[in-house]
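Next come the chains, spelled out residue by residue.
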Amino acid sequence: GQALNNLKKSAEIKVTDLTATLEGVASEKSFYGDLTRPSEPIELGSRHPISLVKNQIIEVFNRIGFTVSEGPEIEDDWHNFTALNLSEHHPARDMQDTFFIEQNPDILLRTHTSSVQVRYMEENKPPIRTISPGRVFRNEDISARSHCIFHQIEGLLVDDNISFADLKGILHNFLNVFFERDLQVRFRPSYFPFTEPSIEVDIGYQGEDGEQKWLEVLGCGMVHPNVLKYVKIDSKKFQGFAFGIGIDRLAMLKYGINDLRAFFETDYRWLSHFGFDPLDVPTNYIGLSK
Ligand code: DAH
């Protein structure tokens, strides 16, 4: 009888304790609402047109063996200028209105993705096939056609037995695949300090008056031997080509956007026109080790 009484007492204490605890939970429940109800749905965003076009470009070059590499947006003078054959007083430095963070020694916002070429060749030796997407910065007025922030993809191929014909073939093929049509492409002599010869590439189209028109889409050329020398690659044994593509410009052409500022306005209704494709994530994404 005594044993049963003890059992009954300890059972009663347990029941009282549990009741108190559960009542506490009940008051918490009313405080937070019903914790078992499903959450509010989160709307799926859509990929920004700059990202879409960047991924499309990566996709085309991935297919022919180019990896993706990246470099820092804050650069030093060596990688942005000097190692690209732009010596201290080179007039072409003025063509790129630079945002300086510090001067002597210079630390700046990179004016182009060509700086990643130098970083990549410092760490990797031929054969090299890489493209480097990223944001670049220039002190330019903001208008429908220009912005102080824009996006480029740099391309670099270095190997033995590479000629200008390879550059022409690869870029013409890229433009045809990207614009999904057989384009007229024109290679026009130009000047960049880091390539020799240097070329600007135009694509042809029919103007409203039926006249043949040309639009510049990228710059390129054979890598200058001085650039190879700076990154300790033997220019007698190896040669290659480089190119720089403006992502914003290609996105404007492809989607018929006539004001660059739309890219920066973060207007969800406008952005959602470009759709979301979960499969458009680029593969083969490696990035630089530093
Ligand atoms: N860096 C150049 C610019 O921003 C673009 C460019 C031209 C890159 C020729 C290259 C090249 O690699 O070979 O205007």
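Our subject is the structure listed above.
Below is a short write-up of the structure. (Residues numbered from 1 in each chain as written. Predicted model: local features only at pLDDT ≥ 70, side-chain atom pairs only at ≥ 80, totals over all residues. Heavy atoms only, no water.)

1. Side note on helix α5 (residues 164-179)
A rise of 1.5 Å per residue sets the reference length of α5, with its 16 residues, at 22 Å; its end C-alpha atoms lie 23 Å apart and thus fit the reference within 8%. Inspection of α5 places Leu 167, Ile 170, Leu 171, Phe 174, Leu 175, Asn 176, Phe 178 and Phe 179 among the buried residues, and these make up the whole buried set. Two or three places before Ala 165, at the opening of α5, Ser 163 has a side-chain oxygen 3.1 Å from that residue's backbone nitrogen. Positive backbone phi, approximately 55°, marks Glu 180, located one or two places after α5. (Helix = DSSP H or I, 4+ residues; strand = E, 2+ residues; numbered from the N terminus. Expected span 1.5 Å × (residues − 1). Buried < 20%, exposed > 50% of the residue type's maximum accessible area, 1.4 Å probe, protein only. Polar contact = N/O pair within 3.5 Å; in protein donor to acceptor, adjacent residues only side chain to side chain.)

2. Remarks on the sheet that holds strand β7 (residues 185-192)
Taken in spatial order, the seven strands make up an open sheet running β1-β5-β6-β10-β9-β8-β7, and their pairing is mixed. Of all strands in the sheet, those bounded by a partner on one side alone are β1 (67-68) and β7. Pairing between β7 and strand β8 (residues 195-206): seven bridges, direction antiparallel. Bridge pairing in β8 places Val 185 opposite Ile 203. (Pairing = 2+ DSSP bridges.)

3. Some remarks on the packing of aromatic side chains
As enumerated under the stated definition, the model contains twelve aromatic pairs in all. Considering the side-chain rings of Trp 78 and Tyr 230, the 5.3 Å spacing of their centres and the 75° angle between planes classify their relative orientation as edge-to-face. Here the residue Trp 78 occupies a position in helix α3 (residues 77-80), and Tyr 230 occupies one in helix α6 (residues 225-230), the gap between them amounting to 152 residues. The partly exposed category is assigned to Tyr 230, whose relative accessible area is 30%. An aromatic cluster is defined as three or more aromatic residues linked by ring pairs; in this entry it consists of Phe 61, Phe 66, Phe 174, Phe 178, Phe 179, Phe 241 and Phe 243. (Phe/Tyr/Trp six-rings, centres within 6.5 Å; stacked < 30°, edge-to-face > 60°.)

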